[in-house]
Structure formats: C-alpha cells, structure tokens
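Residue strings, one per chain:
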Amino acid sequence: MMNQANNYKNKKGLALGPRRAVAYLVLVLVSVLCLFWFYILFINATRSHGELTTGFTPIPSTHLLENWHNLLTKSTLPIWSGMFNSFIVAALSAILSTYFSTMTAYAIHAYDFKLKKFMFSFILMIMMIPTQVTALGFLQLVSKMKLEDSFIPLIVPAIAAPATFFYMKQYMESTLPLSLVEAARIDGSGEFRTFNTIAFPLMKPAIAVQMIFTFVTSWNNYFTPALILHNEKKKTLPILIAQLRSADWLKFDMGQVYVMIAFSIFPVIIVYLFLSRFIVQGVALGSVKG
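None of these values were measured; they are calculated from a predicted model.

Chemist: I'm lost on the side chain of Thr214 in this one. Help?
Modeler: Its place among the elements puts Thr214 in helix H11 (residues 204-220). Sequence-distant contacts of Thr214, defined by excluding residues within four places in its chain, comprise Ser93, Ala94, Ser97, Thr98 and Thr164.

Encoded structure:
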C-alpha cells in the first residue's frame, strides 16, 4: 500500500510539473510586462532633455540629480506642497471610503428590511454613472457652497463608493457568517461594537485591497481637482505634472517631467508595501483555517 501511494504521488508530481512550469513562466512574463514600463520611467528620469530626444535606450544615464535640481530650482511649481496635498486627499479618501463602504456592506449583509434588495440594486446602479456626467452639477454645487480651493469636495464624495461597497459585500458573504453576528448580539454586544471588533477585523485582506485601489485612484485623479483647485498651493501632483508638461517650448524639459512622475510614484509604492502585508496575512490565515 505504501508503494502504491508513493507511486501515485510521484505520478501526480510528474503530471503537475509541466503545468506548474507553464504557470510560473506565465507569471514571470506578466511580471516583466508590468514592471517594464516602470523600468523605462526610471531610466528616462536619469536622462537629460537632449538625450530623451534621441530615442529610447535601456541604459541609465547620469542626469538624475541634475533633473531633480532643475525641477526644484528652475520650476516655480510647489512640488512639496503638491505632494502633501495629494497624500492628504488620497489617504483620507481611502480611509473614509473603505470604512463607510464596509459599514454599508455590513448593514446590507447583516440586516433584513423591506428595501434591502432595492437598496443593493440602487447602489449598483449609481456605480454605472460616469463622473463626467455629473461634473457640471457637482461644480455648481461646490461653487454655491463656496468650497472651491478646498479639499472637502475631493474627500467627502469619495465616502460613497459603490464599487468598494460591492466588493466588500461580496467578500463579506464568504467571510462573515451571520451566526457569528447573532452570537455577538446574544452576548450583549452593541451593533457598532460588533462591527468594529468582529466584522471589520475579519475583512482586513479586502480592506487592504480596497484601500490600495482607492488611494491610487485618488492619487492619480486629475479631472475633479482640476475643476475645483485654483490656488497653486492647494493643487495636487497630477495638476502640477500637467502644468509642467504644458510649459512653453523654451522652458519645457522632458527630464524634469520624468523625474516628477517617478517622484509621484514612490508614495504609492510605500502604501502598497505597507498594506500588502495584511493581504498576505489574510491569505495565510484562510489557508490555515481551510
């Protein structure tokens, strides 16, 4: 019997060997394709404007510090304040959007009421409306409320995120059993305490994923901030990058543009590295439970 079991394991390993090799090969190719564009970006950030006009080269140059110095000295753009503004807007949007979307998903998941299906469908219907369609009315509302050159119109509307709600709702159905909620209620736990101490911690992997997505979306958002922010000190990095690219040809320096784009990517990478450990912990915990 032991010999038969060992033979079966060996045959199964041989059968899975080519499949595993193909899977690794595909993963390597996809990773290379994803990282190749970042490699080009950082290579171009080390080249001068004259070198960039000659075409692409895979070899880095020596003008990185020079481009950075020119960006800070020759450019009049408030780079550091733009970085701070983008981080404040993106961080608060990610935190508030994820928390309240999870709370909304918990309400739809854990409670039974008459309009439950309608509310779920209504939220998904809102998800289909493009931002550009409501931009004019949103801009008029912001103007009437005198909130131009303020971060409030960029942060508060992000709380209502139908896509985040839908993802959290689907994840909650497979992770949070209603029996656990009922047990907490029987033990005398309040609804907010049940959500914050039981439901919310169980959602850490999904929360980390959505915080990354929301942070990156808000960080790269150009459309809405360009309509609202007019003060130079209040503008975010995407607006400053667009202004740097639209400079007249006498002042235009492609090396500065690439350095600023590379500079704007580092906070996103840091946020991803910080939050990705919660995703790994959630996957490991799920595999142990399974």
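Next comes the rest of the account.
Chemist: In this structure, what is going on with a nonpolar patch on the surface? I would like to understand it.
Modeler: A cluster of nonpolar residues, Phe113, Leu115, Phe118, Met119, Phe122, Met125, Ile126, Ile129 and Val133, forms a patch on the protein surface that exposes about 840 Å² of accessible area. Its place among the elements puts Phe122 in helix H5 (residues 116-127).

Chemist: Honestly, the packing of helix H4 (residues 79-110) against helix H13 (residues 237-245) in this entry has me stumped. Any pointers?
Modeler: How two helices pack is summed up by the angle between their axes together with the distance between the axes. Interhelical geometry of H4 versus H13 gives an angle of 145 degrees and a closest axis separation of 8 Å. In this structure, H4 contributes Ile79, Gly82, Met83 and Ser86 to the contact, and H13 contributes Leu237, Pro238 and Leu240. Residues belonging to the contact of H4 with H13 are distributed by class as follows: five nonpolar, two polar and no charged.

Chemist: Quick question: what am I supposed to make of the pattern of salt bridges here?
Modeler: Where charged atoms from two side chains of opposite charge approach closely, those side chains can pair. In the structure shown here, the tally under the stated rule is five salt bridges. The salt bridge partner of Lys169 is Glu173, with a shortest N-O separation of 2.3 Å. Remark: Glu173 and Lys169 occur in helix H8 (residues 162-175); sequence separation between them is four residues, near one turn of the helix. Overall, Lys169 belongs to the buried group, its relative accessible area being 7%. A salt bridge links Glu182 to Arg185; its shortest N-O distance comes to 3.1 Å. One end of the pair, Glu182, and the other, Arg185, are both in helix H9 (residues 178-186), three residues apart, so they sit about a helical turn from each other. Residue classification places Glu182 among the partly exposed residues on the basis of a relative accessible area of 40%. When salt bridges with common partners are traced through the structure, they connect Glu182, Arg185 and Glu191 into a single cluster.

Chemist: Please clarify how unusual backbone geometry should be interpreted in this entry.
Modeler: Glycine aside, residues mostly have negative phi, and peptide bonds are mostly found in the trans state. Its identity as a non-glycine residue notwithstanding, Lys146 has a phi of 55 degrees, on the positive side. Following the sequence through the fold, Lys146 ends up in the loop between helix H6 (135-144) and helix H7 (152-155). Here the phi dihedral of Asp149 falls at roughly 60 degrees; this positive angle occurs in a residue that is not glycine. Counting through the fold element by element, Asp149 comes out in the loop between H6 and H7. By relative accessible area, Asp149 is classed as partly exposed at 25%.

Chemist: Can you walk me through the nonpolar core in this structure?
Modeler: Burial of nonpolar side chains together is a common tendency in soluble globular proteins. Ranked by internal contacts, the top residues of the largest apolar core, which has 43 residues, are Tyr106, Phe215, Trp219, Met260 and Leu275. A per-element tally of this core places helix H14 (residues 254-289) first, with 10 residues. When near neighbours in sequence (up to four residues on either side) are disregarded, Leu275 contacts Ala208, Met211 and Ile212.

Chemist: Is there a simple way to explain the environment of Ser276 in this structure?
Modeler: With respect to the element layout, Ser276 can be found in helix H14. C-alpha separation for the pair Ser276 and Ala208, spaced 68 residues apart in sequence, amounts to 6.9 Å.

Chemist: Quick question: what am I supposed to make of the packing of H8 against H11 here?
Modeler: Between H8 and H11, whose axes approach to 10 Å, the crossing angle comes to 165 degrees. Regarding the angle of H8 to H11, the classification is roughly antiparallel. In this structure, the crossing between H8 and H11 has a hand that is right-handed. Here Thr164, Tyr167, Met168 and Tyr171 of H8 lie close against H11, whose contacting residues are Pro205, Ala206, Ile207, Val209, Gln210 and Thr214. Within the contact of H8 with H11, the residues separate by chemical class into seven nonpolar, three polar and no charged.

What counts and what doesn't
Residues numbered from 1 in each chain as written. Predicted model: local features only at pLDDT ≥ 70, side-chain atom pairs only at ≥ 80, totals over all residues. Heavy atoms only, no water. Helix = DSSP H or I, 4+ residues; strand = E, 2+ residues; numbered from the N terminus. Contact = heavy atoms within 4.5 Å. Patch = residues over 30% accessible without salt bridge, like charges linked within 9 Å, V, L, I, M, F, W, Y side chains within 5 Å. Areas by Shrake-Rupley, 256 points an atom, 1.4 Å probe, with all protein chains shown as cover. Salt bridge = Lys/Arg side-chain N within 4 Å of Asp/Glu carboxyl O. Axes fitted to C-alpha atoms, helices over the stretch in contact; angles between N-to-C directions. Nonpolar A, V, L, I, M, F, W, Y, C, P; charged D, E, K, R; others polar. Buried < 20%, exposed > 50% of the residue type's maximum accessible area, 1.4 Å probe, protein only. Core = buried A, V, L, I, M, F, W, Y, C linked by side-chain atoms within 4.5 Å. Parallel < 35°, antiparallel > 145°, perpendicular 65-115°, else oblique. Left-handed = near helix turned anticlockwise from the far one by under 90°.

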